[in-house]
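Results of the structural survey
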Amino acid sequence: LDPSTFSKYWPHGYHFGVGVEEAIGKAGQAHAGFLVWHHRMPLQSDKMLEDQHASPDITIEGGTVSITEILASFRFDLTATRIRPYVLAGLGAGVLAASDTTISSPTTSRSTSIDTEVDFGLTAGIGVRGDLGGASIFCQVRYGTVFTEGDRTNYVPVTVGVAF
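Worth saying up front: this structure is predicted, and the values here are computed from it rather than measured. (Residues numbered from 1 in each chain as written. Predicted model: local features only at pLDDT ≥ 70, side-chain atom pairs only at ≥ 80, totals over all residues. Heavy atoms only, no water.)

Across all of its chains, the model carries 1 aromatic pair by this definition. Ring geometry for phenylalanine 120 and phenylalanine 147: centres 6.0 Å apart, planes at 20°, overall stacked. Taken together, the positions of phenylalanine 120 in strand β8 (residues 117-132) and phenylalanine 147 in the loop between β9 (135-146) and β10 (153-155) put the pair 27 residues apart, joining distant regions of the chain. The ring of tyrosine 86 carries the charged tip of arginine 75 above its face, separated from the ring centre by 5.5 Å. (Phe/Tyr/Trp six-rings, centres within 6.5 Å; stacked < 30°, edge-to-face > 60°. Helix = DSSP H or I, 4+ residues; strand = E, 2+ residues; numbered from the N terminus. Lys NZ or Arg CZ within 6 Å of the ring centre and 35° of its normal.)

Okay, here's the thing in structure tokens:
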């Protein structure tokens, strides 16, 4: 699929992540860590069928795409204040998978599946983090790419979260 088709029919989803970070250096503004992010994007099948002018008795089930990032990461806080803008980068593996997709009509049904791929991935982004006592809240936007066979998969997750 070309990127415009992908973003049209899999435009958004949800994601969550876990990780550990450790401050490095004397100033405490640099952090190295290990992160795992999981992104899940369901197929917008109604929009796809409408755009293809499909008969109303045709249905599509499945087709959810997921990307799991397993990253070594680096974050650098631009200030040492309570509210800290930062830049971040990571590299590691991206695991791309899709659920089986079944297209059905009253007389026939066809299923397809896509093999899971594990490929090299990169991410970079910006964010802001604010201290809340023993925790902090953050908001960040990242650009991620996974170098899939013969192409690459790009995505831009926007995250609001809590770090402990």
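We now examine the layout of surface pockets. Space inside the second largest pocket adds up to approximately 640 Å³. Every residue lining the second largest pocket is counted, 35 residues in all, and those nearest its centre are Glu21, Leu35, Arg129, Phe138 and Ala163. Elements represented by at least two residues in the lining of the second largest pocket include exactly β1 (14-24), β2 (30-41), β4 (65-77), β5 (83-98), β8, β9 and β11 (158-163). The element that contributes the greatest number of residues to the lining of the second largest pocket is β1, accounting for 9 residues. For the lining of the second largest pocket, a count of residues per class yields 17 nonpolar, 12 polar and 6 charged. (1 Å grid on protein atoms, 1.4 Å probe; cavity = no way out; pocket = protein on both sides within 12 Å on 5 of 7 lines; lining within 4 Å. Points joined across faces, edges and corners; volume = space filled by probe spheres on them. Nonpolar A, V, L, I, M, F, W, Y, C, P; charged D, E, K, R; others polar.)

Bridge analysis of strand β3 (residues 59-62) against strand β6 (residues 101-104) gives 4 bridges, and the strand direction is antiparallel. Paired with threonine 59 across the bridge in β6 is serine 104. Two strands pair when backbone bridges link them, and β6 and strand β7 (residues 109-112) are joined in this way by 4 bridges, in the antiparallel orientation. Bridge pairing in β7 links threonine 101 to threonine 112. Hairpin connection from β6 to β7: 4 residues lie between these consecutive antiparallel strands. (Pairing = 2+ DSSP bridges.)

What follows deals with the nonpolar core. In terms of nonpolar packing, the biggest core is built from 12 residues, these being Tyr9, Trp10, Met41, Leu43, Met48, Leu49, Ile60, Val65, Ile67, Leu96, Val146 and Tyr155. Of all the secondary structure elements, the ones that give two or more residues to this core are α2 (45-51) and β4. Residues within four places of methionine 48 in sequence aside, it is in contact with Tyr9, Trp10, Leu43 and Ile60. (Core = buried A, V, L, I, M, F, W, Y, C linked by side-chain atoms within 4.5 Å. Buried < 20%, exposed > 50% of the residue type's maximum accessible area, 1.4 Å probe, protein only. Contact = heavy atoms within 4.5 Å.)

So, about the pattern of salt bridges. Working definition: two side chains of opposite charge can pair if their charged atoms are close together. Overall, the coordinates contain 7 salt bridges when judged by the stated rule. Note that aspartate 51 is salt-bridged to lysine 8, the shortest N-O span being 3.2 Å. Of this pair, aspartate 51 sits in helix α2 while lysine 8 sits in helix α1 (residues 3-9); the two residues are 43 residues apart in sequence, bridging distant segments of the chain. Among the ionic pairs, aspartate 77 bridges to arginine 75, the shortest N-O distance being 2.6 Å. For aspartate 77, a relative accessible area of 3% translates into the label buried. Each of Glu21, Arg75, Asp77, Arg84 and Asp131 takes part in a single network of salt bridges with overlapping partners. (Salt bridge = Lys/Arg side-chain N within 4 Å of Asp/Glu carboxyl O.)

Generally, phi is negative for residues other than glycine and the peptide bonds are trans, each holding for most cases. Of note in this structure, histidine 53 is not a glycine but carries a positive phi near 55°. Position of histidine 53 relative to the elements: it lies in the loop between α2 and β3.

Of the pairings in the sheet, the one linking β1 to β2 comprises 11 bridges and is antiparallel in character. Among the inter-strand pairings, glutamate 21 is bridged to a residue of β2, identified as glycine 33. In this antiparallel pair of consecutive strands, β1 and β2, the connection spans 5 residues, and glycine 25 shows a positive phi of 90°.

Its place among the elements puts arginine 129 in strand β8. On the basis of relative accessible area, arginine 129 is assigned to the buried category, the value being 12%. Distance in space between the C-alpha atoms of arginine 129 and glycine 161 is 9.5 Å, their sequence separation being 32 residues. Those residues in contact with arginine 129 that sit more than four places away from it in its chain are Glu21, Arg75, Arg82, Ile83, Arg84, Tyr86, Ser136, Ile137, Phe138 and Ala163. Polar contacts involving the side chain of arginine 129 include one to the side chain of serine 136, which spans 3.1 Å. (Polar contact = N/O pair within 3.5 Å; in protein donor to acceptor, adjacent residues only side chain to side chain.)

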